[in-house]
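Structural overview for review
The residues making up each chain are set out below.
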Amino acid sequence: MPMNNIDTDQIIPARFLKTTSKEGLDKQLFCDWRYDAEGNPKPDFILNTPRGQNASILLAGDNFGCGSSREHAPWALTQFGFRAVISTSFADIFKGNALKNSLLPIVVSHDVHAKLFALPAEAMVKVDLASQTITLPDGTRVEFPVDAFSKTCLLEGVDELGWILKQEPAIAAFEKSRVGSVNTLL
Amino acid sequence: MSGNPKTLSQKVWDAHVVHDEPGAPSLIYVDLHLVHEVTSPQAFQGLRERGLRVRRPDLTIATTDHSIPTTDRSLPIVDPIAANQVAQLEKNCQEFGIRNFGVHSEDQGIVHVIGPELGLTQPGMTVVCGDSHTATHGAVGALAFGIGTSEVENVLATQCLLQRPSKTFRVNVTGSLKPGVSAKDIILALIAQIGIGGGTGTVLEYTGSAITALDMEGRMTVCNMSIEGGARAGMIAPDDTTFQYLDGRRFAPKGADWDAAVARWRTLPTDAGAKFDREVIINGDALEPMITWGTNPGMGISINAAVPEPSSVSDPLERDALSKALRYMDLEPGKPLAGHAVDVVFIGSCTNSRISDLRSAAAILKGRKVNPRVRVMVVPGSMEVKRQAIAEGLPEIFRAAGCDYREPGCSMCIAMNGDQLEPGQYSVSTSNRNFEGRQGKGGRTFLASPLTAAASALTGVVTDVRTIL
């Protein structure tokens, strides 16, 4: 998707956020770009082509995921089948949400980005989180940055909330240290 | 002050680090967690599945704003999916012991309107909410940012978040605003200048004479749209304007606690000599009313400027983006937006639905009639704004002018509740996002100030408010 600033209102329009579940969002992914007024898939939209239907990597323009904090965006992307998004940059909240849902936001340079967009439709690109590299069809390996903690969480299945819960003594001590010095609200 | 000079955001950050260890982000304590119906149900479900409780229900406040109708509140919600979501929040709050300013509460309102209004949001606090416009609360000198639903669950369970510190970015707005120019124009001008990804990875701090001259509600408008510049948070140093605003509000400290709090808050402003990672200057004297023409908030121009020509842009993706936006908006490049017909005017949202916003729109509309071709919706941000508006006779002014004056909520900013544009319609909207379909599938949004919106409501075309002041 060679477009900059793909926002969360396009990834999943707000009218689908009335759900109380995380499930069933794949059909709504890019809904307003993907279907016509009658709800039929637009044949030329990338996700409706065989290439898009089977894709696990989404290649997109700069500043992907800008806009809202809705975690429905990575939920919809992963339910559709995406495991990674490659861009030159990501919006902060989207990036954090993606990493918490095993959707890898991969930042590459403008040069690599342009090279990826120039690849033929059938090209395969390999992503390896452990070595933090993507391998292009010609064998070129390109490194990408990943937050070290997020990488550990993804590779070792570390549950972030579980990790924070283990810090209970520190949290309790912090709360105790502030009693009387910081106004409590209610 | 000992040690290195620090910025406002660094001071707040440093005061909230619970735990630091190599290889992990900092564990940050959250002083106030605001919750609404859209981004919380899956988080509460997560707690249930793990058998966890809410650690600090006393620091957690809920309201209902996104999914609810802005029509008669005594009637049931017609949309069953929205009704279920609203009921779910009420059930979750009951089960987990959280105070909920729900649909029928006298304090219901848009989460970013009621936080400051109730005095919940205070200087030096960390404030989070599953909503990107949480940046609003930075207007009082809090470090406030939006989080996803997984993080909502983390905060509910532990009152903490794992975060890496952001870079600091000072936005210095010099001079003073001319008549017809307001807080909204400052933030639209900033985003037009730095782009919608320009603040990514940073916390903005707004400084300068044009910022300190703003009242608190104007400051909230500016901080609110920090996220449209890509920054998770935007802050303004607390000062006497801040303290006067908070004094006496329901959850603000009282008596000796108040004095102690103010003394503490006075130490928060950025130290002399503190370094920012980035700075920009905006000349407030030269600012004109701003309006967006395109499909992201960075596509903004002065009200009398021409819509840009894609051929003037060299970057191919940027050029494509301009062409695509022009097609979606069905606009001609090179022509001014002023004079373009509008179908709807929306005055509301967490950006511009506070009493001062309603006052400035009413001042334009008083004794006049809106163009009969235009649907004009005025949606107060909270029940408190609604009460204050009644006390000042504003609903009568809006209704006499031909506006549709409604009940508090997010309404047509996000179009989740049935308040929406029809495909192809144009709106001048005081909200914060003009993304494709944001105000309804196929709808086209021009973002502007309440003054510009009210002026355009009168004429039925995009109007420079200074022509009718």
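1. Let's talk about the overall build of chain B
In terms of regular secondary structure, chain B is built from 15 helices and 19 strands. Along the longest, intermediate and shortest principal axes, the C-alpha atoms of chain B span 55 × 55 × 45 Å. Once local pairs closer than 6 in sequence are excluded, the contacts in chain B between residues at least 24 apart make up 77%.

2. Concerning the overall build of chain A
The secondary structure content of chain A amounts to 9 helices and 6 strands. Considered along the principal axes of its C-alpha atoms, chain A spans approximately 65 × 45 × 25 Å. For chain A, the residues scored as buried account for 38% of the 186 residues in total. Of the contacts made within chain A by residues no fewer than 6 positions apart, 58% connect residues no fewer than 24 positions apart.

3. Regarding the domain arrangement of chain B
Residues and elements named next belong to chain B. When its domains are assigned, chain B resolves into domain 1 (8-163), domain 2 (167-238 + 261-286) and domain 3 (292-467). Contact residues are listed per partner, giving 21 residues for domain 1 and 21 residues for domain 3. For the side of domain 1 that touches domain 3, the element with the highest residue contribution is helix H4 (residues 111-117), accounting for 4 residues. Tallied by class, residues from the side of domain 1 that touches domain 3 come to 6 nonpolar, 9 polar and 6 charged.

4. Describing the sheet that holds strand S5 (residues 99-101) of chain B
Residues and elements named next belong to chain B. Across the sheet, which stays open at both edges, the 5 strands sit in the order S5-S4-S3-S6-S7 with parallel pairing between neighbours. Unpaired on one side and paired on the other, S5 and strand S7 (143-146) mark the two borders of the sheet. Across the sheet, the axes of successive neighbouring strands diverge by a mean angle of 20°, strand direction being ignored. Pairing of strand S3 (residues 32-35) with strand S4 (residues 60-63), which is carried by 3 bridges, proceeds in the parallel orientation. By the bridge assignment, Val 35 is partnered in S4 with Ala 62.

5. With respect to the packing of helix H12 (residues 355-365) of chain B against helix H14 (residues 394-401) of chain B
Residue and element names in this part refer to chain B. Interhelical geometry of H12 versus H14 gives an angle of 45° and a closest axis separation of 10 Å. Accordingly, the angle class assigned to the pair H12 and H14 is oblique. H14 is crossed by H12, and the crossing has left-handed handedness. For the pair formed by H12 and H14, the contact residues are Leu 358, Ala 362 and Leu 365 on the first element and Leu 394, Ile 397, Phe 398 and Ala 401 on the second. In terms of residue class, the contact of H12 with H14 is built from 7 nonpolar, no polar and no charged.

6. With respect to the sheet that holds strand S3 (residues 104-107) of chain A
Residues and elements named next belong to chain A. Taken together, 3 strands build an open sheet; the order of strands is S1-S2-S3 and the sheet is parallel. Every interior strand has two partners, whereas the edge strands, strand S1 (57-59) and S3, have only one. Averaged over all pairs of adjacent strands, the angle between their axes in this sheet comes to 20°, without regard to strand direction.

7. Considerations on the interface of chain A and chain B
Taken together, the contacts link 45 residues of chain A with 59 residues of chain B. In terms of residue class, the side of chain A that touches chain B is built from 18 nonpolar, 15 polar and 12 charged.

8. Focus: the pairing of strand S10 (residues 202-207) of chain B
Residues and elements named next belong to chain B. The element S10 is largely enclosed, with a buried count of 6 among its 6 residues. The alternating pattern of S10 places Thr 202, Leu 204 and Tyr 206 on one face and Val 203, Glu 205 and Thr 207 on the opposite face, and all of these are buried. Pairing of strand S9 (residues 167-174) with S10, which is carried by 6 bridges, proceeds in the parallel orientation. Following the sheet pairing, Val 171 is matched in S10 by Tyr 206. Read as a crossover between parallel neighbours, the route from S9 over helix H6 (residues 183-194) to S10 is right-handed.

9. Side note on the nonpolar core
Within the largest apolar cluster, 188 residues are counted, with the highest numbers of intra-cluster contacts made by Val 85 of chain A together with Cys 160, Ile 186, Ile 291, Val 345, Leu 365 and Val 378 of chain B. With 9 residues, the top contributor of residues to this core is H6 of chain B. With residues up to four places along the chain from it excluded, the contact list for Ile 186 of chain B reads Val 173, Ala 210, Val 222, Ile 282 and Leu 287 of chain B.

10. Topic: the environment of Arg 73 of chain B
All names here are of chain B. Structurally, the position occupied by Arg 73 is in the loop between S4 and helix H3 (80-96). Taking C-alpha positions, Arg 73 is 29 Å from Gly 367, a pair spaced 294 residues apart along the chain. Apart from residues no more than four positions distant in its own chain, Arg 73 is found in contact with Val 103, His 104 and Glu 407.

11. Observations regarding the confidence of the model for chain B
Looking at chain B, pLDDT values average 97 and 100% of them are 70 or higher. Among the prediction metrics, the complex's ipTM stands at 0.96, with pTM recorded as 0.97.

12. What to know about H14 of chain B
All names here are of chain B. Regarding H14, the residues found buried are Leu 394, Ile 397, Phe 398 and Ala 401. Summarising the axial view, the buried residues of H14 lie within an arc of 95°, below the 170-degree limit, and thus occupy one face. As for H14, its buried residues are in contact with H12, strand S16 (375-378), helix H13 (383-391) and strand S17 (404-405). Of the residues trailing H14, Gly 402 is marked for its positive phi of about 100°.

13. With respect to the environment of Gln 45 of chain B
By the element assignment, Gln 45 of chain B lies in helix H2 (residues 41-50). As for Gln 45 of chain B and Asn 92 of chain B, which are separated by 47 residues in sequence, their C-alpha atoms are 8.8 Å apart.

14. Observations concerning the pairing of strand S6 (residues 126-129) of chain B
All names here are of chain B. Burial along S6 is two-sided: Thr 126 and Val 128 facing one way and Val 127 and Cys 129 facing the other are all buried. Pairing of S3 with S6 involves 3 bridges; the strand directions are parallel. Residue pairing in the sheet places Leu 34 in a bridge with Cys 129 of S6.

15. Some details on unusual backbone geometry
The backbone of Asn 5 of chain A sits at a positive phi, close to 60°, despite the residue not being glycine. Residue placement: Asn 5 of chain A occurs in the segment before helix H1 (8-11). Accessibility expressed as a C-beta count within 10 Å gives 29 for Asn 5 of chain A, which makes it buried. Positive phi outside glycine occurs at Ser 411 of chain B, with the angle close to 55°. In this fold, Ser 411 of chain B is placed in the loop between S17 and strand S18 (426-429).

16. Concerning helix H5 (residues 92-99) of chain A
Burial analysis of H5 of chain A places 8 of its 8 residues in the buried class, the great majority of the element. Inspection of H5 of chain A places Asp 92, Ile 93, Phe 94, Lys 95, Gly 96, Asn 97, Ala 98 and Leu 99 of chain A among the buried residues, and these make up the whole buried set.

17. Quick notes on the environment of Met 125 of chain B
Residue and element names in this part refer to chain B. Within the secondary structure, Met 125 sits in the loop between H4 and S6. Take Met 125: there are 24 C-beta atoms within 10 Å of it, and that puts it in the buried class. In the structure, Met 125 is positioned 95 residues away from Val 30 in sequence and 7.7 Å away in space, judged by C-alpha atoms. Sequence-distant contacts of Met 125, defined by excluding residues within four places in its chain, comprise Asp 31, Leu 32 and Ala 142.

Parameters and conventions
- Residues numbered from 1 in each chain as written.
- Chains lettered and ligands numbered in written order.
- Predicted model: local features only at pLDDT ≥ 70, side-chain atom pairs only at ≥ 80, totals over all residues.
- Helix = DSSP H or I, 4+ residues; strand = E, 2+ residues; numbered from the N terminus.
- Contact = placed C-beta atoms within 7 Å.
- Buried ≥ 20, exposed ≤ 12 C-beta atoms within 10 Å, placed from the backbone.
- Domains from an automatic or database assignment.
- Nonpolar A, V, L, I, M, F, W, Y, C, P; charged D, E, K, R; others polar.
- Pairing = 2+ DSSP bridges.
- Axes fitted to C-alpha atoms, helices over the stretch in contact; angles between N-to-C directions.
- Parallel < 35°, antiparallel > 145°, perpendicular 65-115°, else oblique.
- Left-handed = near helix turned anticlockwise from the far one by under 90°.
- Right-handed = clockwise from strand over helix to strand, strands pointing away.
- Core = buried A, V, L, I, M, F, W, Y, C linked by C-beta atoms within 7 Å.
- pLDDT = per-residue confidence, 0-100.
- Arc of directions from axis to C-beta.

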